[in-house]
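Tertiary structure, described
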Amino acid sequence: MQTLDITLVTGPSGAGKTTWIQQQIRSIAGSTLYLSLGADAGSVDSTYLAAEVPGLTVLPITQLADLLAHPIPGATVYLELGFHIDLSSLILPDPMTDCRRVAVLPPGSRDTDWHGWADEIVTGAETHFTLQQPHFWHSALSGEVLDPASLNTFWYELINGAYGTIQRAKGIFDVADGRSFYFDSVTGLPETPYLELNLPLWLNGRPDRFSGIEIVGEALEQETIAQTIQECCLEDHAIAYYQQQIKDSLEPGDEVA
């Protein structure tokens, strides 16, 4: 009977789970698949990996049962578990009971629930988390186009505590010139430059692809965050104007969606 090579990956927010998975996938020559348990159908991590890792297949978690019933010969599967998943109550399907379990943890971590659950401990990023009651907040922004200057101002305010104490913030945003950017910030780590994703320019109306923001923090001013993001979004007439300006400047052969 055909079986799958499955690795479950867990650990605290910001420790480097997705980064470690990306490194592993890049070293594999065969077919690779990625799923995320604890995320919506579209998520920042899955969209980022799909854009940046050539040949990777990203599946929604709803397709896990079908994948287990009909394995893809020779495929390697990475399933990322959200940091908020209760490992003590996690029930795995029978085909996954013997799969590899990896926990990506900050240096110096000792005697955590992750240690008791994992087969292998990977040393991740040096994080400094002091939150007593971390809260996860996210918002889908698919179809929205943001003004770059307003987005930069909002992100600076966000990671510097204007809307509550932030432990981790990451997002994917479509901006006025058709590009899609990945933003990522972890408390205690050097600021990560914005990354332009390897996606076609979107210059035909509102983008039909995932964008959104995910925040782990404490005492978050959720309504204010949502309202501020909305104020960064452009109306249809402004989107049309900027897209036409970019179209007029394109060279033959430029990739456009």
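So, a few notes on the structure that sits alongside this text. (Residues numbered from 1 in each chain as written. Predicted model: local features only at pLDDT ≥ 70, side-chain atom pairs only at ≥ 80, totals over all residues. Heavy atoms only, no water.)

Re the layout of surface pockets
One number sums up the size of the largest pocket: a volume of about 790 Å³. Every residue lining the largest pocket is counted, 48 residues in all, and those nearest its centre are Thr18, Asp45, Glu80, Arg168 and Lys170. Of the residues forming the lining of the largest pocket, the biggest block, 5 residues, is contributed by helix α1 (residues 17–26). Class assignment for the residues of the lining of the largest pocket results in 22 nonpolar, 18 polar and 8 charged. (1 Å grid on protein atoms, 1.4 Å probe; cavity = no way out; pocket = protein on both sides within 12 Å on 5 of 7 lines; lining within 4 Å. Points joined across faces, edges and corners; volume = space filled by probe spheres on them. Helix = DSSP H or I, 4+ residues; strand = E, 2+ residues; numbered from the N terminus. Nonpolar A, V, L, I, M, F, W, Y, C, P; charged D, E, K, R; others polar.)

Considering the sheet that holds strand β11 (residues 212–218)
Sheet architecture is open: 5 strands sit in the order β7-β11-β8-β9-β10, paired in antiparallel fashion. At either end of the open sheet lies a strand with only one pairing partner, and these are β7 (135–140) and β10 (195–196). Pairing of strand β9 (residues 180–186) with β10 involves 2 bridges; the strand directions are antiparallel. Across the sheet, the residue bridging to Phe181 is Glu196, located in β10. (Pairing = 2+ DSSP bridges.)

Some details on the packing of aromatic side chains
Given two aromatic rings, one states the distance between the centres and the angle between the planes to describe the pair. Considering all chains together, one arrives at 9 aromatic pairs under this definition. Considering the side-chain rings of Phe154 and Tyr163, the 5.8 Å spacing of their centres and the 35 degrees angle between planes classify their relative orientation as tilted. Judged by relative accessible area, Phe154 falls into the buried class, the value being 2%. Looking at Tyr163, the relative accessible area reads 6%, which means it is buried. An aromatic cluster of three or more residues is present, and its members are Trp155, Phe173, Phe183 and Tyr194. (Phe/Tyr/Trp six-rings, centres within 6.5 Å; stacked < 30°, edge-to-face > 60°. Buried < 20%, exposed > 50% of the residue type's maximum accessible area, 1.4 Å probe, protein only.)

These figures capture arrangement, not role.
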